[in-house]
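# Overview (structure and organization)
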Amino acid sequence: MNRRDLLKTTALALGAGVTLYLPAGWRPARAAAKWRIGFSQATTLEPWRVQFNKDIKAEAEKHPEVELLIADGEDKTEKQVADVENFIRQEVDALLISPKESAGLTGVVDKAIDAKIPVFVLDRNVDTKRYTQFIGGDNVVIGKAVGDFVVKALGGPGKATGNIVEIWGGLGTQPAHDRSDGFHSVADKEKGLKFLLDKQSADWKQNLAYDIMTTALRNFEKIDLVYGHNDPMAYGAYLAAKDAGREKEIKFVGVDGLPNEGVVWVNKGELAATFLYPTPGAEGLRQAIKLLNGEKVEKTIVLPTMAITKENAPEILKQNGLG
Amino acid sequence: MTVLRLLSRTKLYWGLLVILLIGIAFSPVSGSGRNIFLSYGNLTDVLRQVSITGLVAVGMTVVILIAGIDLSVGSVMAFGTVLTATLLTEDGWTSSATVAVPAAILVAFAAAFLLVRFLWRGLRPQAGPVGARRQAARDPLRDGWIPGAAGLALAALVAAWLVPQIDTKFGVPALLLAVPCTGLLVGAVSGAIIVAGRLQPFIVTLAMMVGMLGLSRLTAGQDSAVLPVYAGTNATEDIELLRSMLWGVLPVPGLFFLAAVAVFAALLRLTVFGRYVYAIGGNEEAARLSGIPVDRVKIAAYAFSGMLATLAGILYVAQYRQGKPDAGAGLELDAIAAVVIGGTSLMGGRGALAGTLVGVLIFGLLSNILQLHNINSNLQLVFKGAIIVVTVLLQERNLADLLAPFRTARAARQAPAARTEATGQQGSSLIHREGTQP
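### A word on the overall build of chain B
Looking only at helices and strands, one finds 18 helices and four strands in chain B. A buried classification covers 45% of the 438 residues belonging to chain B. Intrachain contacts of chain B at a sequence separation of at least 6 include 79% that bridge at least 24 residues.

### Considering the overall build of chain A
In terms of regular secondary structure, chain A is built from eleven helices and 13 strands. Judged by the C-alpha coordinates and their principal axes, chain A covers about 70 × 60 × 40 Å. The buried share among the 323 residues of chain A stands at 47%.

### Some thoughts on the interface of chain A and chain B
Between chain A and chain B, the contact holds 33 residues from the first and 35 residues from the second. Elements that contribute at least two residues to the side of chain A that touches chain B include exactly helix 1 (3-25), helix 2 (47-61), strand 8 (200-201), helix 7 (206-219) and helix 8 (231-243) of chain A. Residue composition of the side of chain A that touches chain B, by class: 14 nonpolar, eleven polar and eight charged.

### Quick word on helix 13 (residues 294-320) of chain B
All names here are of chain B. Given a rise of 1.5 Å per residue, 27 residues ought to cover 39 Å, and the 39 Å separating the end C-alpha atoms of helix 13 matches this to within 8%. With 24 of its 27 residues buried, helix 13 lies for the most part within the structure. Of the residues trailing helix 13, Arg321 is marked for its positive phi of about 55 degrees.

### What to know about the packing of helix 4 (residues 73-89) of chain B against helix 8 (residues 172-197) of chain B
Residue and element names in this part refer to chain B. Helix 8 packs onto helix 4 with a crossing angle of 150 degrees between their chain directions and a minimal axis gap of 10 Å. For helix 4 against helix 8, the interelement crossing comes out right-handed. Packed against helix 4, whose contacting residues are Val76, Gly80, Leu83, Thr84, Leu87 and Leu88, the element helix 8 presents Leu175, Val179, Thr182, Gly183 and Val186 at the interface. Of the residues belonging to the contact of helix 4 with helix 8, the class tally is seven nonpolar, four polar and no charged.

### Some words on the sheet that holds strand 3 (residues 94-97) of chain A
All names here are of chain A. With parallel pairing, the six strands of this open sheet are ordered in space as 2-1-3-4-5-12. A strand with exactly one partner marks an edge of an open sheet, and here the two such strands are strand 2 (66-72) and strand 12 (300-303). Between one strand axis and the next, the sheet turns by 15 degrees as a mean value, whatever way the strands run. Sheet topology places strand 4 (residues 119-122) next to strand 5 (residues 133-137); three bridges connect them, and they run parallel. Pairing of Val121 across the sheet is with Phe134, part of strand 5.

### So, the nonpolar core
Core analysis: the largest hydrophobic core is formed by 212 residues, its most contacted members being Ala237 and Val253 of chain A together with Val56 and Ala104 of chain B. In terms of residue count, helix 13 of chain B provides more of this core than any other element does, 18 residues in total.

### With respect to the domain arrangement of chain A
The domains assigned to chain A are domain 1 (35-131) and domain 2 (139-278 + 312-317). For domain 1 of chain A versus domain 2 of chain A, the separation of C-alpha centres amounts to 31 Å.

### Regarding the pairing of strand 5 of chain A
Each regular strand shows side chains that alternate between the opposite faces of the sheet. All names here are of chain A. Among the five residues in strand 5, five count as buried, and that is most of the element. Going residue by residue along strand 5, you find Gln133, Ile135 and Gly137 tucked away on one face and Phe134 and Gly136 tucked away on the opposite face as well. Here strand 5 runs beside strand 12; their pairing, made up of four bridges, is parallel. When the sheet's bridge partners are listed, Gly137 is paired in strand 12 with Leu303.

### Some thoughts on the confidence of the model for chain A
Per-residue confidence for chain A averages 88 on the pLDDT scale, and 91% of its residues sit at or above 70. The spread of mean pLDDT over the elements of chain A runs between helix 1 of chain A, the lowest at 62, and strand 9 (residues 225-228) of chain A, the highest at 96.

### As for helix 10 (residues 252-270) of chain B
Since the α-helix packs 3.6 residues into each turn, any two residues three or four apart lie on the same face. Residues and elements named next belong to chain B. End to end, helix 10 covers 26 Å across 19 residues, agreeing with the expected 27 Å (1.5 Å per residue, within 8%). Along helix 10, the residues classified as buried are Pro253, Gly254, Phe256, Phe257, Ala260 and Val261. Down the axis, helix 10 shows its buried residues gathered within 155 degrees of arc, on one side only. Exposed residues pointing more than 90 degrees away from the buried face of helix 10 are listed as Ala259, Ala266 and Leu270. Looking at the packing, one finds that the buried side of helix 10 touches helix 3 (40-65), strand 3 (250-251), helix 13 and helix 15 (353-372).

### Some points on the pairing of strand 1 (residues 35-41) of chain A
Residues and elements named next belong to chain A. Most of strand 1 sits out of view: five of its seven residues are buried. Note: strand 1 against strand 2, seven bridges, orientation parallel. Bridge pairing links Phe39 to Ile70 in strand 2. Handedness of the strand 1-helix 2-strand 2 crossover: right-handed.

### A few points about the confidence of the model for chain B
Residue and element names in this part refer to chain B. Confidence in the prediction for chain B averages 82 pLDDT; 84% of positions are at 70 or higher. Between residues 418-438, whose pLDDT stays under 50, and residues either more than four places distant or in other chains, the model counts three contacts. Note on the complex model: pTM 0.78, ipTM 0.70.

### Description of the environment of Ser377 of chain B
Here Ser377 of chain B shows up in helix 16 (residues 377-396). For Ser377 of chain B, a count of 20 C-beta atoms within 10 Å corresponds to the buried category. Other than its neighbours up to four places away in sequence, Ser377 of chain B contacts Leu171, Lys199, Gln200 and Ser201 of chain A.

### Digging into the packing of helix 2 (residues 11-26) of chain B against helix 15 of chain B
Residue and element names in this part refer to chain B. The contact between helix 2 and helix 15 brings their axes to 10 Å, and the two run at 20 degrees. If you check the angle between helix 2 and helix 15, you find them roughly parallel. Considering only the axes of helix 2 and helix 15, their crossing is left-handed. Residues Leu12, Tyr13, Gly15, Leu16, Ile19, Leu20, Ile22 and Gly23 of helix 2 pack against Gly355, Val358, Leu361, Ile362, Leu365, Leu366 and Ile369 of helix 15. Among the residues forming the contact of helix 2 with helix 15, the class breakdown is twelve nonpolar, three polar and no charged.

### Re the environment of Glu85 of chain A
All names here are of chain A. Among the secondary structure elements, Glu85 is positioned in helix 3 (residues 77-89). Look at Glu85 and you get partly exposed, because 14 C-beta atoms sit within 10 Å. For the pair formed by Glu85 and Ala42, sequence separation is 43 residues and the distance between their alpha carbons is 14 Å.

### Things to note about unusual backbone geometry
With the exception of glycine, most residues fall at negative phi, and the peptide bonds are largely trans. Residue and element names in this part refer to chain A. Its identity as a non-glycine residue notwithstanding, Glu74 has a phi of 50 degrees, on the positive side. Looking at where Glu74 falls in the secondary structure, it is placed in the loop between strand 2 and helix 3. The phi torsion at Glu91 lies on the positive side, around 55 degrees, for a residue other than glycine. Note on placement: Glu91 falls in the loop between helix 3 and strand 3. Note on Glu91: 11 C-beta atoms within 10 Å, which makes it exposed.

### Section: the environment of Gly328 of chain B
All names here are of chain B. Relative to the elements of secondary structure, Gly328 occurs in the loop between strand 4 (322-323) and helix 14 (331-341). For Gly328 and Val252, which are 76 residues apart along the polypeptide, the C-alpha to C-alpha distance reads 20 Å. Those residues in contact with Gly328 that sit more than four places away from it in its chain are Gly74, Ser75, Met77 and Ala78.

The rules behind the values
- Residues numbered from 1 in each chain as written.
- Chains lettered and ligands numbered in written order.
- Predicted model: local features only at pLDDT ≥ 70, side-chain atom pairs only at ≥ 80, totals over all residues.
- Helix = DSSP H or I, 4+ residues; strand = E, 2+ residues; numbered from the N terminus.
- Buried ≥ 20, exposed ≤ 12 C-beta atoms within 10 Å, placed from the backbone.
- Contact = placed C-beta atoms within 7 Å.
- Nonpolar A, V, L, I, M, F, W, Y, C, P; charged D, E, K, R; others polar.
- Expected span 1.5 Å × (residues − 1).
- Axes fitted to C-alpha atoms, helices over the stretch in contact; angles between N-to-C directions.
- Left-handed = near helix turned anticlockwise from the far one by under 90°.
- Pairing = 2+ DSSP bridges.
- Core = buried A, V, L, I, M, F, W, Y, C linked by C-beta atoms within 7 Å.
- Domains from an automatic or database assignment.
- pLDDT = per-residue confidence, 0-100.
- Arc of directions from axis to C-beta.
- Right-handed = clockwise from strand over helix to strand, strands pointing away.
- Parallel < 35°, antiparallel > 145°, perpendicular 65-115°, else oblique.

This is how it looks when you write it as structure tokens:
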């Protein structure tokens, strides 16, 4: 086979591949709607973001008068800035944005506000107060709720004892620090609790948590509880303990409470509890529609958390069609 | 002097030994007074933890030996995890099945074709230099029909085995065939583009890295960032085999890694293909002119790399019970670092798989030691960066080379008159070197 033939064959093979895959990524826009609402998502590679998108899409299905445009920032600030600029140029009626980070997206949010587009900031805030509304959970509150649960599970206030492994999310991210600070504000009061690891980060990932836990299990003969800053990390630690045959003596607690992840694991008894970090998807769209209908909206909405344990897990699964 | 030379030749292994000694000496001790680092369980943990990066590094070694680079391995590994997870948990003609099954059939055909043709030709007495084989009269029966029939036969066998499994869910043996075959094809496409377009491997594999990430995400579907695999509920329990301890001694991922090292070390050391790899890495043009089928060897190298990356993907799913499109982010750099720590030159033509094995182990042991000492995650990254620089410095240069600048500086101070001349010369040689860069 000479070089040109090879090139042709390769091109053909690639072409075939693309044709095969095109239908999966192709989706026509909905026709004729009263309002067009743009939603700029930071990334869709994390399960929580996927759930976020599912929630907002499900809410949009209930409102035929709304055409929802979703842009994926692909976890890059510059891509998300471009997405928002694109929405401004399309003159959407309202803009929902879940920023990848505060500083990098403040400028473009200002630009949208200058263009008289109402802006709803979801989950992570920006460095301006001119937006229409902020909706998000409070990670410090969630951390405190985890702390209360842990203290109760290990003996109750004042007499809790045990060795705790805390597996951090990304060390450079605010949610990880908030979830840790809230937790320690409660747990540090207990003299009987010992914290075994020093800021070990698994970067929110199940596989890294697995490896950290494997080593921790070698290193410490008595571990009573693992607190993962999200469910996949708690589950990764559970899997490591299971492979070491020690999962029965350890309780695992996570955060996020996604129906297809944390709730499933709690329901199976693998995690002791998870704490809901609600996505602002559905509420965000409802608030935007409310505003477009001429009603007033509040400046800030804090979404409440909820402990998910073996008792209420089956019901949540049923609500999400997973029961 | 000979002792010194021996030391210098085996310095790689000394590095491993030093790391081991450090680990043993400073290891925390368990309640019963056992050395935790040295405990058999901990050492097999390390082997298991490095085996995914290790498998990828084996393929990377072959590619780097031909003076190439494969940046796509992380994405290809992730594609492997997505394929594995969907094939394990979903039945019917999912997009994974439509990719993996034809790939396996195609590779089966090509493998049987090439093997039979190779054997058939080998039966004929050969003489003369390497290139002579090409000039021998072509025989359509020997070169085309018989190997083609063999290829079709094997392809039919593979199809007969795989296609019925689509309706249920894939078993582990079928996975171990179909997924690496897909990776092999992906790698072969990279290689073919590099060879056919005479392009830089850096750019082509970079493009492949981006493209495969997109393909993985499309295959996984819009609504799933992570594909969970629960053995026993949504998948068969066989997948558990791939992370179990073999006879309670050897972790299966480690077995795959060590087997890959052994097979590819033999391939590089004992076969004609291996000699060709070193020849191409040493001087591609000279290799081409002496009749070595450079293009085919290069394509094969990238194909092997892709195959090993997807194999690592299967083990990833078995180990962490999930497949996800961003699983392999940064893996290519870990693999390259391990290869380079192992003494393989990025310029190609120099190095060995034994070095890569050591490089991978040094990295894994280092992580383990830092983790056992409960060092802050951020500080761990700093240590890892430092260890790469130090080991590569020791690898690439002799101590004398490192000290040379200081020596010249001293000489220049002693003879100030000679200094201007010396710097002038250095400048011109630099320009000269830049001019000859391809």
